[in-house]
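Observations on chain architecture
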Amino acid sequence: TPNGKIDRRALPVPDLEQQLTVSFVAPRTQIEEMLAQMWADVLSIERVGIYDNFFELGGHSLFATQVMSRIRELFQIELPLQSLFEAATVSELADLAEEKLIEKIEKLSEEDL
């Protein structure tokens, strides 16, 4: 504009669908597949790639709470809500979930000894 500000109305609307299609990387493991489907359900979107950021896809704290609750039910592990803020991609969150599952299995194995 004449006063040096950006005229946001003159900017083109971002094509998020094309951006998601170009950068889509499919889940590689069963945990990633389950988390990607979970995110797609919670966020009401068609598909989620392993490097997609939960919050860039439209996630917020209420959706994050739903995701963490579903993880607790599905995997029978406890991850703090902050985990999703720190590991905001399927790939990163799958790594955390896998670590917790391994810890759980090791603990059960020790109890059996």
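Reference entry: report on the structure contained in this document. (Residues numbered from 1 in each chain as written. Predicted model: local features only at pLDDT ≥ 70, side-chain atom pairs only at ≥ 80, totals over all residues. Heavy atoms only, no water.)

Brief notes about the environment of His-60
As for its position among the elements, His-60 is in the loop between helix H2 (30–43) and helix H3 (61–75). His-60 sits in the partly exposed class, given a relative accessible area of 34%. Setting aside chain neighbours within four positions, we find His-60 in contact with Phe-54 and Phe-55. (Helix = DSSP H or I, 4+ residues; strand = E, 2+ residues; numbered from the N terminus. Buried < 20%, exposed > 50% of the residue type's maximum accessible area, 1.4 Å probe, protein only. Contact = heavy atoms within 4.5 Å.)

Remarks on the packing of H2 against helix H5 (residues 90–112)
At a closest axis distance of 9 Å, the pairing of H2 and H5 adopts a crossing angle of 125°. The orientation of H2 relative to H5 falls into the category oblique. As for how H2 packs across H5, the hand of that crossing is right-handed. Counted together, Ile-31, Glu-32, Leu-35, Ala-36 and Trp-39 of H2 and Val-90, Ser-91, Leu-93, Ala-94, Ala-97, Glu-98 and Leu-101 of H5 form the full contact between these two elements. Among the residues forming the contact of H2 with H5, the class breakdown is nine nonpolar, one polar and two charged. (Axes fitted to C-alpha atoms, helices over the stretch in contact; angles between N-to-C directions. Parallel < 35°, antiparallel > 145°, perpendicular 65-115°, else oblique. Left-handed = near helix turned anticlockwise from the far one by under 90°. Nonpolar A, V, L, I, M, F, W, Y, C, P; charged D, E, K, R; others polar.)

Some words on unusual backbone geometry
Positive phi is not limited to glycine here, since Ser-44 has a value of about 55°. Inspection of the secondary structure puts Ser-44 in the loop between H2 and H3. The phi dihedral of Gln-76 is positive, around 60°, even though this residue is not glycine. Along the chain, Gln-76 falls in the loop between H3 and helix H4 (82–86).

A word on the pattern of salt bridges
Here the idea is simple: oppositely charged side chains can pair when their charged atoms come close. As enumerated under the stated definition, the model contains two salt bridges in all. The closest approach of N and O atoms between Arg-28 and Glu-32, which form a salt bridge, is 2.6 Å. Taking the relative accessible area as the measure of exposure, Arg-28 reaches 53% and is therefore exposed. Judged by relative accessible area, which is 3%, Glu-32 ranks as buried. (Salt bridge = Lys/Arg side-chain N within 4 Å of Asp/Glu carboxyl O.)

Focus: the nonpolar core
Within the largest apolar cluster, 24 residues are counted, with the highest numbers of intra-cluster contacts made by Leu-35, Trp-39, Val-67, Ile-71 and Leu-84. Mapped by element, the contributors of at least two residues to this core are H2, H3 and H5. For this core, the element with the highest residue contribution is H2, accounting for eight residues. The residues contacting Ile-71, other than those within four sequence positions of it, are Leu-35, Met-38, Gln-76, Ile-77, Leu-79 and Leu-93. (Core = buried A, V, L, I, M, F, W, Y, C linked by side-chain atoms within 4.5 Å.)

With respect to the packing of aromatic side chains
Here the structure, examined in full by the defined rule, presents three aromatic pairs. Note on Phe-54 and Phe-55: the rings are 5.1 Å apart at their centroids and 90° apart in plane angle, and the pair reads as edge-to-face. Taking the relative accessible area as the measure of exposure, Phe-55 reaches 27% and is therefore partly exposed. Counting every residue linked through ring pairs, the aromatic cluster contains Trp-39, Phe-54, Phe-55 and Phe-85. The aromatic ring of Phe-24 is capped on one face by Arg-47, whose charged end is 3.9 Å from the ring centroid. (Phe/Tyr/Trp six-rings, centres within 6.5 Å; stacked < 30°, edge-to-face > 60°. Lys NZ or Arg CZ within 6 Å of the ring centre and 35° of its normal.)

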